[in-house]
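Fold and geometry: a report
Single-letter residue listing:
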Amino acid sequence: MIVIGAEDVANRLGREKCIALMREAMIGLSTGTSRQPLRSVIDLGNGNLFGVMPGVVDGAGFGAKLVSVFPSAAAHGRSHQGAILLFDRSSGAPVCLVDAGAVTAIRTACASAAATDKLARADAKRLAILGTGEQAWQHALAIPYVRQIEHIAIWGRSTEKARHLCERLQEELAISVEVAPSPRAAVDTADIICTTTSARDPILFSTDVQDGAHINVVGSSYAGPAEIDETLVKRARFFPDHREGVLAQGAEFLRAKAAGLVSETDVLAEIGTVFAGAAEGRVGKADVTIYKSLGSIVQDLACAAFLHRTYADAV
């Protein structure tokens, strides 16, 4: 069995390739050639979680991700830590063990980039990122692969962390990056917004968002904490990564539903269906679109299978 660590993941899983893998994985999930049940999540208290995510990817194998989510550990490393175990479909043998934190970091942002490519306006060029952790950084690196970003605004509860992230991005990207004093200021003129926080209650409100914006809602991966308010869910064309998962565990949708503002019919087609051309994404220039990302094991397994192939070919 091949073991692939975090450094190899970062070196081998390029963003352009990963964006393509995410499109393919989500099309497979939406068309039924790949499958995943709802994840199992154990609340460990203090915002910490342990999750188990099994699934099967057409042509790639089957397996599971075991992952811990410890937001408090982000300052000293990754908040998401664990392992992806990939099995061979024909023999049933485990063939590859991959660092889950490294894969999650890259594939989450690349899935958002794939959704952005389909849902954001073609002329979108101003990006706002709410959050200062690893996903904030990864999204800032991934979104420019699908749009010609000219400006990035960063907001975080810690101005020091926001400033540090801006400095890091200015070294890595030939793009103007600035710290915003508030979420509202960050998104004021944004065409694309990524919420990547661990906020328990909404930090982004419908009144803050201009017509025509696209939003990737990423930070909350289970029922409970919500990054955007109920009115914004009602206003937007709301696309899930996995419909069953979002209906059961998408906190922003569940809050809006509990408030009587939306129903299950307001959750539109899965992003994979949009990728496949079987459902409309953005209809009008003034539409506000939302991609709700819970994260899908088919994304992890697609990355693991790609890494296994490239590693095997190299040796």
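This structure is a prediction, so every number in the text was calculated from the model and none was measured.

**Brief notes about the overall build of the chain**
When you go through the chain residue by residue, the secondary structure sums to 11 helices and 13 strands. For a compact globule of 315 residues, the expected C-alpha radius of gyration is about 20 Å, and the chain comes in at 18 Å, within 12% of that figure. Dimensions of the chain, computed from C-alpha atoms along their principal axes, come out at roughly 55 × 45 × 40 Å. Within the chain, the fraction of its 315 residues that count as buried is 53%. In the form shown here, the chain has an accessible surface area of approximately 13000 Å², with 49% of it arising from carbon and sulfur atoms. Across the chain, the 31 positively charged side chains and the 35 negatively charged ones have centroids separated by 2 Å.

**What to know about the sheet that holds strand 3 (residues 48–57)**
Taken in spatial order, the 6 strands make up an open sheet running 1-6-5-4-3-2, and their pairing is mixed. Two strands lie at the open edges of the sheet, namely strand 1 (2–4) and strand 2 (40–45), each paired on one side alone. When strand polarity is set aside, the average angle formed by the axes of neighbouring strands in this sheet is 15°. Pairing analysis gives 5 bridges linking strand 2 to strand 3, with the strands arranged antiparallel. Considered in strand 3, the bridge of Ile-42 is made with Phe-50. Together, strand 3, strand 4 (61–69), strand 5 (80–87) and strand 6 (94–99) form the strand contacts of helix 3 (residues 100–119), whose direction differs from that of strand 5 by roughly 95°.

**Here we look at the nonpolar core**
One recurring pattern in soluble globular proteins is that nonpolar side chains are buried together. Counting residues in hydrophobic clusters, the biggest one holds 67 residues, and the most contacted among them are Val-9, Leu-13, Val-98, Ile-152, Ile-154 and Leu-169. Element by element, the count of residues in this core is highest for helix 3, at 11 residues. Core analysis: the next-biggest nonpolar cluster, separate from the first, contains 30 residues, Ala-199, Val-233, Phe-238 and Val-246 among them.

**Some thoughts on the packing of aromatic side chains**
Evaluation of the coordinates by the stated rule reveals 1 aromatic pair. A ring pair is formed by Phe-62 and Phe-87, whose centres lie 5.1 Å apart and whose planes are at 10°; its orientation type is stacked. Remark: Phe-87 occurs in strand 5 and Phe-62 occurs in strand 4; sequence separation between them is 25 residues. Its guanidinium or amino end placed over the ring of Trp-137, Arg-168 lies 3.7 Å from that ring's centre, counting from NZ or CZ.

**Some words on the sheet that holds strand 9 (residues 176–179)**
Read from one edge to the other, the open sheet built from 7 strands follows the order 9-8-7-10-11-13-12, with strand pairing classed as parallel. With one partner strand each, in any of the chains shown, strand 9 and strand 12 (237–240) form the two edges of the open sheet. Sheet twist, expressed as the mean angle between neighbouring strand axes with direction ignored, is 15°. Judged from the 5 bridges that link them, strand 7 (residues 126–130) and strand 8 (residues 151–155) form a sheet pairing that is parallel. Paired with Leu-127 across the two strands is Ile-152, which belongs to strand 8. Packing of helix 4 (residues 134–142) onto the sheet brings it into contact with strand 7, strand 8 and strand 10 (192–195), and relative to strand 7 it is tilted by some 165°. Running over the sheet, helix 5 (residues 159–172) touches strand 8 and strand 9 and is turned about 175° from strand 9.

**Side note on the side chain of Ser-34**
By the element assignment, Ser-34 lies in the loop between helix 2 (15–31) and strand 2. Judged by its relative accessible area of 4%, Ser-34 is buried. Ignoring anything within four residues of it in the chain, the contact list for Ser-34 reads Gly-28, Leu-29, Val-56, Val-57, Asp-58 and Val-298.

**Focus on the packing of helix 4 against helix 5**
Here helix 4 crosses helix 5 at 30°, and the two axes come no closer than 11 Å. Taken together, the axes of helix 4 and helix 5 are roughly parallel relative to one another. Of the two elements, helix 4 crosses helix 5, and the hand of that crossing is right-handed. The residues of helix 5 that touch helix 4, namely those facing Ala-136, Trp-137, Ala-140 and Leu-141, are Leu-165, Arg-168, Leu-169 and Glu-172. Partitioning the contact of helix 4 with helix 5 into residue classes produces 6 nonpolar, no polar and 2 charged.

**Quick look at the state of the cysteines**
Considering all chains together, one arrives at 0 disulfides under this definition. The closest cysteine sulfur to the non-disulfide-bonded Cys-194 is located on Cys-110, 12 Å from its own sulfur.

**Details of unusual backbone geometry**
Phi at Asn-46 takes a positive value of approximately 60°, unusual for a residue other than glycine. Counting through the fold element by element, Asn-46 comes out in the loop between strand 2 and strand 3. Since its relative accessible area comes to 80%, Asn-46 is described here as exposed.

Cut-off values and rules
- Residues numbered from 1 in each chain as written.
- Predicted model: local features only at pLDDT ≥ 70, side-chain atom pairs only at ≥ 80, totals over all residues.
- Heavy atoms only, no water.
- Helix = DSSP H or I, 4+ residues; strand = E, 2+ residues; numbered from the N terminus.
- Rg over C-alpha atoms; globule rule 2.2 N^0.38 Å.
- Buried < 20%, exposed > 50% of the residue type's maximum accessible area, 1.4 Å probe, protein only.
- Areas by Shrake-Rupley, 256 points an atom, 1.4 Å probe, with all protein chains shown as cover.
- Lys, Arg positive; Asp, Glu negative; His and termini not counted.
- Charge placed at Lys NZ, Arg CZ, Asp CG, Glu CD.
- Pairing = 2+ DSSP bridges.
- Axes fitted to C-alpha atoms, helices over the stretch in contact; angles between N-to-C directions.
- Contact = heavy atoms within 4.5 Å.
- Core = buried A, V, L, I, M, F, W, Y, C linked by side-chain atoms within 4.5 Å.
- Phe/Tyr/Trp six-rings, centres within 6.5 Å; stacked < 30°, edge-to-face > 60°.
- Lys NZ or Arg CZ within 6 Å of the ring centre and 35° of its normal.
- Parallel < 35°, antiparallel > 145°, perpendicular 65-115°, else oblique.
- Left-handed = near helix turned anticlockwise from the far one by under 90°.
- Nonpolar A, V, L, I, M, F, W, Y, C, P; charged D, E, K, R; others polar.
- Disulfide = S-S within 2.5 Å.

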